[in-house]
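# Structure at a glance
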Amino acid sequence: MNCELNKIVFATNNAHKLAEIREMLAGTGIEVQSLADIGCHEDIPETSATIEGNARQKAEYIYNKYGACCFADDTGLEVAALGGEPGVYSARYAGGEGHDSEANMAKLLAKLDGEDDRRAQFRTVIALTQGGDGGTIEFEGIVTGEITRERRGGEGFGYDPIFRPDGYAETFAEMGHEEKNKISHRARAVAKLVEYLKRQAQ
């Protein structure tokens, strides 16, 4: 079954992400629905071993259960010297149930102690499930940089205080919300998704 791309669900409970996407699609005739809009209040599984897999799993879960076109995102920080860790486990790197950013950063900095190769990249994958012949397609956004030796800045969340993107002196957490969003991995993936949706709406 094909679903309607002019009414699409974003599989997230993050109100900020939802508002950002709606703003980017304003005036296109594409309505972005929240999980609450379709009556989805359950926990959507994220059990894949890859970032791509998690994004696809969430989008396809909503499509299969609710019959709605859906997109979902997943993001990970990949550190070269650690073989791509923490990757898909970025949010729960230090263990435990919650997203403990301080503990995650502490673990990462400890693992890189004495390491000169501090290259890293943030990677976001957005999966869009359209059903029918469209299947599921992916949009990727990457920003490269390095892990600093100490936390810097009070903005942002997650690993932002220890990630300095290439070409900038500041960490994501020192940049401020607006500047970070112009260059972030998620912004790059979202821009590709938005371009695709706009083309389909023409």
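Scope of this entry: the structure provided in the associated data block. Sequence order as written defines residue numbering, which begins from 1 separately in each chain. Side-chain atom pairs in this predicted model are given and counted only at pLDDT of 80 or more, local residue features only at pLDDT of at least 70, and totals for whole chains, interfaces and linings cover all residues. Values shown for side chains rest on all heavy atoms present in the structure; no hydrogens or waters enter the calculation.

### Observations regarding the overall build of the protein chain
Our working rule: Only DSSP runs of H or I with at least four residues qualify as helices, and only runs of E with at least two residues qualify as strands; both kinds are numbered from the N terminus onward. For every residue, the accessible area (1.4 Å probe, protein chains only) is compared with the maximum for its type, and the residue is labelled buried under 20%, exposed over 50%, or partly exposed between those bounds. Any two residues whose heavy atoms approach within 4.5 Å are treated as being in contact. Residue-level accessible areas treat just the shown protein chains as cover; the underlying method is Shrake-Rupley with a 1.4 Å probe. Neither His nor the chain termini are counted; the positive set is Lys and Arg, and the negative set is Asp and Glu. By convention, the point assigned to a charge is CZ for Arg, NZ for Lys, CD for Glu and CG for Asp.
Helices and strands together make up the secondary structure of the protein chain, namely six helices and seven strands. Each helix and strand of the protein chain, ordered N terminal to C terminal, gives the series β-α-β-α-β-β-α-β-β-β-α-α-α. Every one of the 202 residues in the protein chain was classed for burial, and the buried ones make up 46%. Taking all contacts inside the protein chain whose residues are at least 6 apart in sequence as the whole, residues at least 24 apart take part in 57%. Total accessible area on the protein chain stands at roughly 9,900 Å², and carbon and sulfur atoms take up 45% of it. Side chains of the protein chain carry 23 positive and 34 negative charges; the gap between the two charge centres is 1 Å.

### Considering the pairing of strand β6 (residues 135-147)
What counts here: Should DSSP find at least two bridges between two strands, the strands are taken to pair.
Across twelve bridges, strand β5 (residues 119-131) lies against β6 in antiparallel orientation. Within the sheet, the bridge partner assigned to Gly-131 lies in β6 and is Gly-135. Taken together, β5 and the strand that follows it, β6, pair antiparallel across an intervening segment of three residues, in which Gly-132 is found at a positive phi of about 55 degrees. As judged from the three bridges shared by β6 and strand β7 (residues 163-165), these two strands associate in the antiparallel manner.

### Digging into the environment of Gly-135
Position of Gly-135 among the secondary structure elements: in strand β6. C-alpha of Gly-135 to C-alpha of Gly-154: the two residues are 19 residues apart in sequence and 41 Å apart in space. Residues within four places of Gly-135 in sequence aside, it is in contact with Leu-128, Thr-129 and Gln-130.

### Re the nonpolar core
Under the convention used in this document: The criterion is simple. A nonpolar core is a set of buried Ala, Val, Leu, Ile, Met, Phe, Trp, Tyr and Cys residues joined through side-chain atoms within 4.5 Å.
One finds Ile-8, Ile-21, Val-32, Phe-71, Leu-128, Leu-193 and Leu-197 to be the most contacted residues of the largest nonpolar core, which totals 21 residues. With six residues, the top contributor of residues to this core is helix α6 (residues 185-201). Dropping the residues within four chain positions of it, Ile-21 is found in contact with Phe-10, Val-32, Phe-71, Val-190 and Leu-193. Counting residues in each nonpolar core, the second largest holds 18 residues, with Val-143, Ile-147, Tyr-159 and Ile-162 among its members.

### With respect to the environment of Arg-188
Here Arg-188 lies in helix α6. Looking at Arg-188, the relative accessible area reads 36%, which means it is partly exposed. Taking the C-alpha atoms as reference points, Arg-188 and Val-143, 45 residues apart in sequence, are found 8.5 Å from one another. Contacts of Arg-188, omitting those with residues within four sequence positions, involve Gly-141, Ile-142, Val-143 and Ile-183.

### Notes on the environment of Tyr-196
Mapped onto the fold, Tyr-196 is located in helix α6. Between the alpha carbons of Tyr-196 and Phe-139 there is a distance of 9.5 Å; along the sequence they are 57 residues apart. Not counting chain neighbours up to four residues away, the residues in contact with Tyr-196 comprise Leu-5, Leu-128, Gln-130, Ile-137 and Phe-139.

### A look at the pattern of salt bridges
Rules: By definition here, a salt bridge exists when the distance from a side-chain nitrogen of Lys or Arg to a carboxyl oxygen of Asp or Glu is within 4 Å.
Taken as a whole and judged by the stated rule, the model has 17 salt bridges. The shortest N-O distance in the salt bridge between Glu-78 and Arg-123 comes to 3.0 Å. Of this pair, Glu-78 sits in strand β3 (residues 70-79) while Arg-123 sits in strand β5, and the two are 45 residues apart along the sequence. You can call Glu-78 buried: its relative accessible area is 17%.

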